[in-house]
Amino acid sequence: MKRVLLPLLVALSGCAEMQAPQVTAPAYQFVLLGPEGVPVARAITEATSCPDIVIDGTVRAMTVRMPPETIPLRPTRSDPSLSKPSAFPVLTCEATLPLGTRAASIAGRALPLPKANPQRIVVLGDTGCRIKVGDNVYQNCDDPVQWPFEPVANAAAATAPDLVIHVGDYHYRENACPVGDAGCVDSPWGY
């Protein structure tokens, strides 16, 4: 069957009127392990609808996990005037991957699938850059010495891990950078 389809696909790819529409890839796409170890594909996009996912050659719709929204200011130890509501301007989509999935992609980009028996495992946590008035701490989030997340992440990625476990705490930018602090100027902040 593949031998018959391949020449047909090659022939069709040369016809301008038959080309597939261009699909913009989501800003982020990844696979995580959900409840009971079931793999879940996620896509984070600025689009107004979820992209499709291709699982073992079958196109499926992804579902909305979380729509764009702004959540009112939550309780904080900082003075409320130094905080702001939590803004999530992106759409988060997901699709459960059946156990035994051999290939999955979103907008033509292959997704990494979980290994049945992971051998190289990276465990990390507390990766946030701290900007917090209450603790009088203003890390330079662009300086790899003061905030070494980039070199740590690059070193971890260089090992080609089969599994990455992030134990949490990846956001500490609770307040705006103080005026005149060149180390954190223009740093995004808030939840």
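Above this note sits the structure.
Quick summary incoming for the structure in this document. Model, not experiment: these values are computed from the prediction. (Residues numbered from 1 in each chain as written. Predicted model: local features only at pLDDT ≥ 70, side-chain atom pairs only at ≥ 80, totals over all residues. Heavy atoms only, no water.)

### Some points on the overall build of the protein chain
Then comes step 1: Scanning the protein chain from terminus to terminus reveals 2 helices and 15 strands.
Then comes step 2: Sorting the 191 residues of the protein chain into buried and exposed places 27% on the buried side.
Then comes step 3: Within the protein chain, contacts between residues separated by at least 24 positions form 62% of all contacts whose residues are at least 6 apart in sequence.
Then comes step 4: Surface accessibility of the protein chain: about 13100 Å² in total, with carbon and sulfur atoms responsible for 59%. (Helix = DSSP H or I, 4+ residues; strand = E, 2+ residues; numbered from the N terminus. Buried < 20%, exposed > 50% of the residue type's maximum accessible area, 1.4 Å probe, protein only. Contact = heavy atoms within 4.5 Å. Areas by Shrake-Rupley, 256 points an atom, 1.4 Å probe, with all protein chains shown as cover.)

### Considerations on the sheet that holds strand E12 (residues 130-132)
Then comes step 1: Read from one edge to the other, the open sheet built from 3 strands follows the order E13-E12-E15, with strand pairing classed as mixed. Strand pairing shows two members of the sheet lacking a second neighbour, strand E13 (137-138) and strand E15 (172-173), which therefore form its edges.
Then comes step 2: Where E12 and E13 come together, 2 bridges link them in antiparallel fashion. Residue pairing for E13: Lys132 is matched across the bridge by Val137. (Pairing = 2+ DSSP bridges.)

### A word on the nonpolar core
Generally speaking, soluble globular proteins have nonpolar side chains that are buried together.
Then comes step 1: In terms of nonpolar packing, the biggest core is built from 14 residues, with Ala41, Ile53, Met62, Cys93, Leu97, Ile106 and Leu111 touching the most fellow members.
Then comes step 2: Residue assignment for this core shows that the elements contributing at least two residues are strand E2 (39-45), strand E3 (52-55), strand E8 (91-96) and strand E9 (104-106).
Then comes step 3: Per element, the largest residue contribution to this core is 3 residues, and it comes from E8.
Then comes step 4: Among all residues touching Ile53, those that are not within four sequence positions of it are Ala41, Thr58, Val59, Arg60, Met62, Ala95, Leu97, Ser105, Ile106 and Leu111. (Core = buried A, V, L, I, M, F, W, Y, C linked by side-chain atoms within 4.5 Å.)

### Points about the state of the cysteines
Then comes step 1: Tallying each qualifying case throughout the model produces 3 disulfides.
Then comes step 2: At a sulfur-sulfur separation of 2.0 Å, the disulfide partner of Cys129 is Cys141. Because the sign of the S-S torsion sets the handedness, a value of about -95 degrees for the bond joining Cys129 and Cys141 places this disulfide among the left-handed ones. Within this pair, whereas Cys129 is found in the loop between strand E11 (121-124) and E12, its partner Cys141 is found in the loop between E13 and helix H2 (149-158), the two being separated by 12 residues in sequence. (Disulfide = S-S within 2.5 Å.)

### Topic: the pattern of salt bridges
Then comes step 1: Applying the stated criterion across every chain, the model contains 7 salt bridges.
Then comes step 2: In this structure, Glu174 and Lys132 form a salt bridge, with 3.9 Å as the shortest nitrogen-oxygen distance. Here Glu174, found in the segment after E15, pairs with Lys132, found in strand E12; they are 42 residues apart in sequence, far enough to count as distant.
Then comes step 3: On the basis of relative accessibility, which here comes to 16%, the residue Glu174 falls in the buried class.
Then comes step 4: Lys132 sits in the buried class, given a relative accessible area of 9%.
Then comes step 5: Sharing partners across several salt bridges, the network here consists of Arg130, Lys132, Asp135 and Glu174. (Salt bridge = Lys/Arg side-chain N within 4 Å of Asp/Glu carboxyl O.)

### Overview of a nonpolar patch on the surface
Then comes step 1: Residues Ile121, Val123, Ile165 and Val167 make up a contiguous nonpolar surface patch of about 360 Å² in total accessible area.
Then comes step 2: Relative to the helices and strands, Val123 is located in strand E11.
Then comes step 3: By relative accessible area, Val123 is classed as exposed at 55%. (Patch = residues over 30% accessible without salt bridge, like charges linked within 9 Å, V, L, I, M, F, W, Y side chains within 5 Å.)

### Regarding unusual backbone geometry
Then comes step 1: Look at Asp56: it is not a glycine, yet its phi comes out positive at around 50 degrees.
Then comes step 2: Even without being a glycine, Ala160 presents a positive backbone phi close to 50 degrees.
Then comes step 3: In this structure, Ala160 sits in the loop between H2 and strand E14 (163-166).

### Some points on the environment of Val167
Then comes step 1: Locating Val167 in the fold gives a position in the loop between E14 and E15.
Then comes step 2: Given the relative accessible area of 61%, Val167 is considered exposed.
Then comes step 3: Sequence-wise, Val167 and Asp126 are 41 residues apart; in three dimensions their C-alpha atoms are separated by 7.7 Å.
Then comes step 4: Excluding residues that lie within four positions of it along the chain, Val167 makes contacts with Val123, Leu124 and Gly125.

Honestly, that's just the spatial picture; any functional story needs more than this.
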